[in-house]
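# Coordinates in review
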Amino acid sequence: MSDPRPTSPRAPPAEPQARRRHDGTAREWAPGRFLAEFPLYAVVDEEGRLADEAELTLADPALLALYRWMVLERLLDERMITLQRQGRIGFYVGSIGEEATVFGTAAAMAPQDWIFPSYREHGAAFLRGLPLATFMCGLFGNAGDAVKGRQMPCHESWAPGHFVSISSPIATQVPQAVGAAWAARIQGHDMVPLCFFGDGSTSANDFHTGLNFAAVQRLPVVFACRNNGWAISVPREAQTASETIAQKAIGYGMRGERVDGNDLLAVYNATRRARARAAAGEGPTLLECVTYRMEGHSTSDDPRAYRPASVVEPWKQRDPLLRIRRLLGRRGVLDEAGDLALRDELRRQLLAALLEAEAQPAKPPVASLFEDVYAAPLRQQREQLAELTAALAADPRLANPRHSEG
Amino acid sequence: MPVMNVIQAVNDALRLEMRRDPSVVVLGEDVGRFGGVFRATAGLQQEFGEGRVIDTPLAEGGIIGAAVGMALYGLRPVPEIQFADFIYPAFDQIVNEVAKYRYRSGGQYPCPITIRTPYGGGIKGGHYHSQSPEALFIQVPGLKVVCPATPRDAKGLLTAAIRDPDPVLFLEPKRVYRAAKGEVPEGELVLPLGQAAVTRPGGQVTLIAWGAMWHEADQAAREAEAEGIDCEVLDLRSLQPLDLEAIVASVRKTGRAVVVHEAPLTCGFGAELSALIQERCFLSLEAPVARVTGWDTPFPYTLENEYLPRAPRILKALRETVAY
Ligand SMILES: Cc1ncc(C[n+]2csc(CCOP(=O)(O)OP(=O)(O)O)c2C)c(N)n1
């Protein structure tokens, strides 16, 4: 079999003698050094002004379409957080403030590219066709759920859109995305996985293993770190002593880039370039999208216990939705009235999806408990299903959540 | 005596041990400023400082590996794994390192670590926030495995675990973290590891459980009593070391045993208990040892009540065992 790897020389050029001589000093590290080496790439400022017209790589309709998705995601998150507070769903993880990172990256990939999500990126699945109502069925874990009510809310899978199953254990998807890229290269496919994770995830074993494998093999992967400042209560400074996440790329021998994660166009452009390089055999890129989690980690979290509300305020001015709306306003694509109408329409769409989801039976069939553990149930699983069915028939209290606690 | 829930009892034990022994340190994800996602370590950093209550980066292998180094170098680390489901990235450190250090160093390096972790289902957590992995660790020589059911036991056993010269995996039943309330003595409370508690004396059948399932077993025993079944309930409390004497004494008396656990049936700790009872009490047994357990599937989300060994299923096993 021919080596599907690019033929470009892999070995770095020999270092000049002079630089190889050791002068007895360690390599210098000074605060701010990497901030300078990895400047924040931005295209649209907070007032919606373009830094450079040439960077406007999306036509107005495409820009408007992505803005629409971002607004939908925001409204969805707000609605679902309320639903959780009302006790209608058990849990929710939103991406309020991080929409530009989620949609900017995903929109820049090709349709055949697989997405290895963390757990805040269901927006990317919507771009790939996951119906809102199906997603909501997943939040209820009801009979309409694509994963048969097995997973907690926000752990969707959407194979038709090449969106793989979300795993709670942090960073497990990183080496997996690398494997998918490897498989694509072995099979000669033009497929570049997009792998999401948070800043906290960069501490996990799997992050290091994954990046190392990818760099050694020069595999085509886009690693998208949503640096949202927090891993539950732990701020980025307590997570890593490196000034930027992007600079970690150097240690592995790959490209790193720091992007304004609240700037849709910057994220989009940087991802496009990273994908193009990957597809051209130039290996993986670590994108650090600098953004901010404006809400709690999840509905189980109370951020007041670890951060004052005042630190969130400045980020509200940097809201990624506001920026695109202002850009669209400047370009005459969307005015105030148009925006209000858009929001109204999206709210109606959300409500319709919610009604559709809530109309599904509350539980998948009991037999589904034993499906998909293996391709075919084992002997003891068949016995256990029979036992459970009989037990349920004899005492329906078994299916009642509170019978023994109340 | 103050009334506490399990979380408060854990917090109380940690606080008292940290006050008593400056070598006790707490480390883990979110344990410091936030006080833990379940608030078990709330207030500790304020009292003992960032040097002894440490928010670590997000890496379980790192948390346990670092705890090993701390223990070797004279501290008594109490690392927290945020959910038992996330212990697997640290599995190698626990199984090969923590548990074996004393042995493979010829007794030169003890490794006294107490790994605290919430385990179990019933909180709508799906399989990533609900697993009961005790059997995986009970099989590891060198490790002790403790699982309290009540606030009092949580305090007394955690204190004993921290003082124990060996590493202990301390499984906390998160389903009853706040629901289980009870009187807990103020001040020092040390309950010896390796002692089961007969929480309900009875003569007809022995019902064995631990952790959150003890509450379910207790409920089933009360319902069984109404049907005229006289049930003795044993809370194992410590799974390794195991109070085999208590089990044997009870089963020799009743002639029957039902074991309850949340983990899947196959190779669950119930299998070991059945074998032990069979070896030690064969001539006293009037019925086969019954097991009421989770099914051999991953822990589900929507159907978790169907999955859990709830009182109705335990009751059915009790009836069948007694009528055998
Ligand atoms: C292996 C593992 N350890 C701990 C957890 C608990 N946990 C869930 S999310 C989270 C923080 C993740 O932070 P980050 O990767 O930065 O993502 P973010 O939530 O900020 O988007 C933690 C500690 C987990 N899911 N998996």
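Look up: the structure comes first, before these words.
A brief look at the structure comes next. (Residues numbered from 1 in each chain as written. Chains lettered and ligands numbered in written order. Predicted model: local features only at pLDDT ≥ 70, side-chain atom pairs only at ≥ 80, totals over all residues. Heavy atoms only, no water.)

### Regarding the overall build of chain B
Tallying secondary structure elements over chain B gives 12 helices and 14 strands in all. The C-alpha radius of gyration of chain B comes to 19 Å, within 12% of the 20 Å expected for a compact globule of 324 residues. The principal-axis extent of the C-alpha atoms belonging to chain B is close to 60 × 40 × 40 Å. Relative to its full complement of 324 residues, chain B shows a buried share of 66%. Once local pairs closer than 6 in sequence are excluded, the contacts in chain B between residues at least 24 apart make up 82%. In the form shown here, chain B has an accessible surface area of approximately 11,200 Å², with 52% of it arising from carbon and sulfur atoms. Put simply, chain B has 32 plus and 39 minus side-chain charges, and the middle of one group is 2 Å from the middle of the other. (Helix = DSSP H or I, 4+ residues; strand = E, 2+ residues; numbered from the N terminus. Rg over C-alpha atoms; globule rule 2.2 N^0.38 Å. Buried < 20%, exposed > 50% of the residue type's maximum accessible area, 1.4 Å probe, protein only. Contact = heavy atoms within 4.5 Å. Areas by Shrake-Rupley, 256 points an atom, 1.4 Å probe, with all protein chains shown as cover. Lys, Arg positive; Asp, Glu negative; His and termini not counted. Charge placed at Lys NZ, Arg CZ, Asp CG, Glu CD.)

### Describing the packing of aromatic side chains
The tally for this structure, following the rule as stated, stands at 21 aromatic pairs over all chains. Ring geometry for tyrosine 306 of chain A and phenylalanine 34 of chain B: centres 5.2 Å apart, planes at 85°, overall edge-to-face. With tyrosine 306 of chain A in the loop between strand E8 (285-290) and helix H12 (309-317) and phenylalanine 34 of chain B in the loop between strand E2 (24-28) and helix H2 (44-48), this residue pair bridges two chains. Plain terms: the ring middles of tryptophan 210 of chain B and phenylalanine 269 of chain B are 5.6 Å apart, the flat faces sit at 70° to each other, and that makes the pair edge-to-face. Of this pair, tryptophan 210 of chain B sits in the loop between strand E10 (205-209) and helix H8 (212-226) while phenylalanine 269 of chain B sits in helix H10 (residues 269-281), and the two are 59 residues apart along the sequence. Each member of the pair, tryptophan 210 of chain B together with phenylalanine 269 of chain B, is buried. (Phe/Tyr/Trp six-rings, centres within 6.5 Å; stacked < 30°, edge-to-face > 60°.)

### Thoughts on the sheet that holds strand E2 (residues 115-116) of chain A
Residue and element names in this part refer to chain A. If you trace the 6 strands from one edge of the open sheet to the other, you get E1-E7-E8-E4-E3-E2, paired in parallel fashion. Among the strands making up the open sheet, the edge pair consists of strand E1 (40-41) and E2. Sheet topology note: the strand E3 (residues 194-198)/strand E4 (residues 222-227) ladder contains 5 bridges and is parallel. When the sheet's bridge partners are listed, leucine 194 is paired in E4 with valine 222. Along the sheet, helix H4 (residues 99-108) makes contact with E2, E3, E4 and E8, crossing E3 at roughly 165°. Most of the contacts of helix H11 (residues 264-279) go to strand E7 (residues 255-260), to which it runs at about 165°, and overall it touches E1, E4, E7 and E8. (Pairing = 2+ DSSP bridges. Axes fitted to C-alpha atoms, helices over the stretch in contact; angles between N-to-C directions.)

### Quick look at helix H15 (residues 379-394) of chain A
All names here are of chain A. The terminal C-alpha atoms of H15, which comprises 16 residues, lie 23 Å apart, in line with the 22 Å expected from a rise of 1.5 Å per residue. For H15, the complete set of buried residues consists of Gln380, Gln381, Gln384, Leu388, Ala391 and Leu392. Seen end-on, H15 carries its buried residues on one side only, within an arc spanning 105°. Turned more than 90 degrees away from the buried face of H15, the exposed residues are Arg382, Ala393 and Ala394. (Expected span 1.5 Å × (residues − 1). Arc of directions from axis to C-beta.)

### Some points on the pattern of salt bridges
Residues and elements named next belong to chain A. Scanning all chains against the criterion turns up 52 salt bridges over all chains. Salt-bridge contacts for aspartate 344 lead to arginine 347; the nearest nitrogen and oxygen are separated by 3.7 Å. Of the two residues, aspartate 344 and arginine 347 both sit in helix H14 (residues 336-358), 3 residues apart, roughly one turn of that helix. A relative accessible area of 43% places arginine 347 in the partly exposed class. (Salt bridge = Lys/Arg side-chain N within 4 Å of Asp/Glu carboxyl O.)

### Quick word on the site of the ligand
Neighbouring the ligand are 20 residues; Tyr119, Gly200, Ser201 and Trp230 of chain A together with Glu60 of chain B lie closest to it. Residues close to the ligand are split across chains A and B. A distance of 2.9 Å separates a nitrogen atom of the ligand from a polar atom in the backbone of serine 168 of chain A. Contact between the ligand and histidine 297 of chain A: an oxygen atom at 3.3 Å from a side-chain N or O atom of the residue. (Near = heavy atom within 4 Å. Polar contact = N/O pair within 3.5 Å; in protein donor to acceptor, adjacent residues only side chain to side chain.)

### Quick word on the interface of chain B and chain A
With 39 residues of chain B at the contact, the number on the chain A side is 55 residues. Buried surface at the junction of chain B and chain A, summed over both partners, amounts to about 3,800 Å²; 61% is from carbon and sulfur atoms. Three residues stand out in chain B for area buried against chain A, namely Leu58, Trp295 and Tyr301 of chain B, and they jointly supply 18% of the buried area on that side. Applying the counting criterion to the chain B and chain A interface returns 2 salt bridges. A salt bridge links glutamate 306 of chain B to lysine 363 of chain A; the nearest nitrogen and oxygen atoms lie 2.6 Å apart. At the boundary of chain B and chain A, one finds 13 residue pairs in polar contact (both at pLDDT 80 or more). Of all the secondary-structure elements, those providing two or more residues to the side of chain B that touches chain A are H8, helix H11 (304-307) and helix H12 (311-323) of chain B. Of the residues that constitute the side of chain B that touches chain A, the class distribution is 17 nonpolar, 11 polar and 11 charged. (Buried area = accessible area lost by both parts, 1.4 Å probe. Nonpolar A, V, L, I, M, F, W, Y, C, P; charged D, E, K, R; others polar.)

### Considerations on the nonpolar core
Inside soluble globular proteins, nonpolar side chains tend to come together where they are buried. One finds Leu76, Met80, Tyr92, Phe135 and Met136 of chain A to be the most contacted residues of the largest nonpolar core, which totals 81 residues. Looking at which element gives the most residues to this core, the answer is helix H3 (residues 60-85) of chain A, with 11 residues. Beyond its immediate sequence surroundings of up to four residues, phenylalanine 135 of chain A is in contact with Leu76, Tyr92, His122, Phe126, Leu130, Cys154 and Glu156 of chain A. Counting 49 residues, the second largest nonpolar core, distinct from the first, contains Val98, Tyr119, Leu234 and Ile247 of chain B. (Core = buried A, V, L, I, M, F, W, Y, C linked by side-chain atoms within 4.5 Å.)

### What to know about unusual backbone geometry
The phi torsion of most residues other than glycine is negative, and most of the peptide bonds are trans. All names here are of chain B. Residue proline 241 follows glutamine 240 across a cis peptide bond; omega there is 5°. Counting through the fold element by element, proline 241 comes out in the loop between strand E12 (238-240) and helix H9 (244-254). The backbone phi angle of arginine 39 is positive, close to 70°, even though this residue is not glycine. Secondary-structure assignment places arginine 39 in the loop between E2 and H2. In this structure arginine 39 comes out as partly exposed when scored by relative accessible area, which is 33%. With a phi close to 60°, cysteine 267 is a non-glycine residue in the positive phi region. Looking at where cysteine 267 falls in the secondary structure, it is placed in the loop between strand E13 (257-264) and H10. Take cysteine 267: its relative accessible area is 67%, and that puts it in the exposed class.

### Regarding the packing of H3 of chain A against helix H6 (residues 132-140) of chain A
Residue and element names in this part refer to chain A. As a packed pair, H3 and H6 sit with axes 13 Å apart at the nearest point and diverge in direction by 25°. Looking at the two axes, H3 sits roughly parallel to H6. Here H3 and H6 pass one another in a crossing that is right-handed. Across from Leu72, Leu76, Met80 and Leu83 in H3, the residues of H6 making contact are Leu132, Phe135, Met136, Leu139 and Phe140. The residue makeup of the contact of H3 with H6, split by class, is 9 nonpolar, no polar and no charged. (Parallel < 35°, antiparallel > 145°, perpendicular 65-115°, else oblique. Left-handed = near helix turned anticlockwise from the far one by under 90°.)

### Quick word on the sheet that holds strand E11 (residues 231-235) of chain B
Residues and elements named next belong to chain B. The strand order across the open sheet formed by 5 strands is E9-E11-E10-E13-E14, and the pairing between neighbours is mixed. In this open sheet, the two edge strands, each paired with only one partner strand, are strand E9 (197-200) and strand E14 (290-294). Geometrically, the sheet is characterised by an average inter-axis angle of 25° between neighbouring strands, direction not taken into account. Pairing between E10 and E13: 3 bridges, direction parallel. Paired with threonine 206 across the bridge in E13 is alanine 257. H9 rests against E10, E11 and E13 of the sheet, and its axis sits at about 170° to E11.

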